[in-house]
Protein chains: 2
Amino acid sequence: MELIDGKKINAEVKAEIAKEVEEMVANGMKRPNLAVILVGDDGASSTYVGSKVKTCHDVGFESTDLKYPETVTEQEILDKIEEINNDSQIDGLIVQLPLPKHISEDKIIEAIDYKKDVDGFHPVNTGRMAMGLPAYLPATPAGIVELFRRYNIDTEGKNCVVLGRSNIVGTPMSLLMSRKAKPGNATVTICHSRSKNLNEICAQADILIVAIGQCEFVTADMVKEGAVVVDVGMHRVKSDKTKSGWKLKGDVKFDEVAEKCSYITPVPGGVGPMTIISLLKNTLLAAQGKIYK
Amino acid sequence: MELIDGKKINAEVKAEIAKEVEEMVANGMKRPNLAVILVGDDGASSTYVGSKVKTCHDVGFESTDLKYPETVTEQEILDKIEEINNDSQIDGLIVQLPLPKHISEDKIIEAIDYKKDVDGFHPVNTGRMAMGLPAYLPATPAGIVELFRRYNIDTEGKNCVVLGRSNIVGTPMSLLMSRKAKPGNATVTICHSRSKNLNEICAQADILIVAIGQCEFVTADMVKEGAVVVDVGMHRVKSDKTKSGWKLKGDVKFDEVAEKCSYITPVPGGVGPMTIISLLKNTLLAAQGKIYK
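None of these values were measured; they are calculated from a predicted model.

1. Remarks on the pairing of strand E7 (residues 207-210) of chain A
Residue and element names in this part refer to chain A. Because side chains alternate across E7, one face comprises the buried residues Ile 207 and Ile 209, and the other comprises Leu 208 and Val 210, equally buried. Relative to E7, strand E5 (residues 159-163) runs parallel, the two being bridged by 4 bridges. When the bridges of E7 are listed, Leu 163 appears paired with Val 210. In this structure, E7 lies alongside strand E8 (residues 228-231), joined through 4 bridges in parallel fashion. By the bridge assignment, Val 210 is partnered in E8 with Asp 231.

Okay, here's the thing in structure tokens:
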């Protein structure tokens, strides 16, 4: 069994991006600039945004931080998005979710110019991805594909089972794995809360991608000997074995599943560190005009 | 075994749409108007366009036929699309494919205002469909979903296998079958040319949707007893048993597969007659402003 080290790959890709940015600057181009809109002062959201901004700076990007109180109107945010859409100094724009209830997330996402939608949430990017056209790919699925690429995990013709059909993980994951590409070309089965015989279906998977949002849902009997298991889950559970009194667990019962796998992602340190990578890559591609002119 | 009668459902839905149009007109609304762009004089394309226009008239729609010689430039078509995008009298616009090689199909499709894209080919409609948002659905997958609806075929929790991953049939079909909807909520496996153990996978399907483009590819040993089989294929093969010397066949070896099925679509008369239905429905929805304002 080999552990897939998301932290190590994260560092590798970041170093590559940083190098590319310095080359851009040496060639007289401006640094990529990512704008981040944060509404309210939810602790988790602030932490995520802080971490994204810091990582941007690590690789030599500039950032434009825009913070609004919980009481901001939808129209104010829409106006700011319009302004950024037209600002040639800014390459990418993300709005941290969730938003307060009086602001429509769908409306906000669709207001962002798809050419600056480096989260890959706009319907144009989702649609182009589904159609196999160049697009900004969503963070978690693209991060997982990058892990397969870096570990030379062969996906062609493999039986890949995706647990979960969310718009941000399961559904795009199934699209990326089934398309004509490398990694890709897998036979993909997408399962969800209404699926029957889940155990049986999972046990046939050469590659099992779990994004079902239930702590330690996947047990050893659901995993085929030699399978590749990717765990997207992240749950904070009480523990008397850690100083903090907490421990992070995934959607997979790691202790009993790991020994059956050829490869497995741990939690933490597997998929988690990869989600930022797609944001960086998309922003770099935006600054270079490589997806859209 | 029950034969799924696409011709009968086609007539039913058309009658419903015609009734709705007359109600719209009685209420002082204008008739839905579909614009159709045809380039060149390929016989098959002309026949398809002629049939679409005739069906529009059958249900009380108006149509705007725009024909161009093979030598028309890409820019001329783009200019016309721009004009139609801004013409409030026209509700829907389709461009018959394929186009001559000097015209980019992707560019043409993306130039159509997605609010008038009643073929459901624009990335915004593909993306919104993938995200479960209201959208114009592509013809063949939407037609198949309509057949399931009209025949009360239960899809929830069923094992659905889709053979083929094309942008116009296989991929959107897999999205519609896996989404949270009725019909929908199936566990979907999407297979393609790189898939292995196809026979085994198909033999596990409660619902088998075949869009692989190979004549009589699916044989009886690939089908589970009691399965629902949907055949998207259409092949003209020589026959000494018909007056014309030709016979239409599908991707499924009908004669040996039919007896194992609970339901099966014949070729012709199954999926074929349903593909026009989605175009009519989308154009009606466009005229009513029910998907986009």
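2. Things to note about the packing of helix H6 (residues 139-150) of chain A against helix H10 (residues 275-288) of chain A
Packed helix pairs are characterised by how far apart their axes lie and by the angle those axes make with each other. All names here are of chain A. Their axes nearest at 7 Å, the elements H6 and H10 cross at an angle of 100°. If you check the angle between H6 and H10, you find them roughly perpendicular. Along the contact surface, H6 presents Ala 139, Thr 140, Ala 142, Gly 143 and Glu 146, while H10 presents Thr 275, Ile 277, Ser 278 and Leu 279.

3. Comments concerning the interface of chain B and chain A
Taken together, the contacts link 27 residues of chain B with 27 residues of chain A. Contributions of two or more residues to the side of chain B that touches chain A are made by helix H5 (123-130), helix H7 (170-178) and strand E6 (187-191) of chain B. Of the residues forming the side of chain B that touches chain A, the biggest block, 7 residues, is contributed by H5(B). Grouping the constituent residues of the side of chain B that touches chain A by class yields 9 nonpolar, 12 polar and 6 charged. Note: strand E6 (residues 187-191) of chain A against E6(B), 3 bridges, orientation antiparallel. Across the sheet, A:Ile190 pairs through a bridge with B:Val188, a residue of E6(B).

4. A look at the sheet that holds strand E3 (residues 62-68) of chain B
Residue and element names in this part refer to chain B. Sheet architecture is open: 3 strands sit in the order E3-E2-E4, paired in parallel fashion. The two strands at the open ends of the sheet, each matched to only one other strand, are E3 and strand E4 (92-95). The mean angle between the axes of side-by-side strands here comes to 15°, regardless of whether they run parallel or antiparallel. Pairing of strand E2 (residues 33-39) with E4 involves 4 bridges; the strand directions are parallel. Paired with Leu 34 across the strands is Gly 92, a residue of E4. Strands E2, E3 and E4 of the sheet are contacted by helix H3 (residues 74-85), whose axis makes an angle of about 180° with E2.

5. So, the sheet that holds strand E2 (residues 33-39) of chain A
All names here are of chain A. The strand order across the open sheet built from 3 strands is E3-E2-E4, with neighbouring strands paired in parallel fashion. Both outer strands of the open sheet, strand E3 (62-68) and strand E4 (92-95), are each paired with one neighbouring strand and no more. For this sheet, the mean angle separating the axes of adjacent strands, direction not counted, is 15°. In terms of strand pairing, E2 meets E3 through 7 bridges, oriented parallel. Across the sheet, the residue bridging to Leu 38 is Lys 67, located in E3. On the sheet, helix H2 (residues 43-58) packs against E2 and E3 and is oriented at approximately 170° with respect to E2.

Each value, and the rule that gives it
- Residues numbered from 1 in each chain as written.
- Chains lettered and ligands numbered in written order.
- Predicted model: local features only at pLDDT ≥ 70, side-chain atom pairs only at ≥ 80, totals over all residues.
- Buried ≥ 20, exposed ≤ 12 C-beta atoms within 10 Å, placed from the backbone.
- Helix = DSSP H or I, 4+ residues; strand = E, 2+ residues; numbered from the N terminus.
- Pairing = 2+ DSSP bridges.
- Axes fitted to C-alpha atoms, helices over the stretch in contact; angles between N-to-C directions.
- Parallel < 35°, antiparallel > 145°, perpendicular 65-115°, else oblique.
- Contact = placed C-beta atoms within 7 Å.
- Nonpolar A, V, L, I, M, F, W, Y, C, P; charged D, E, K, R; others polar.

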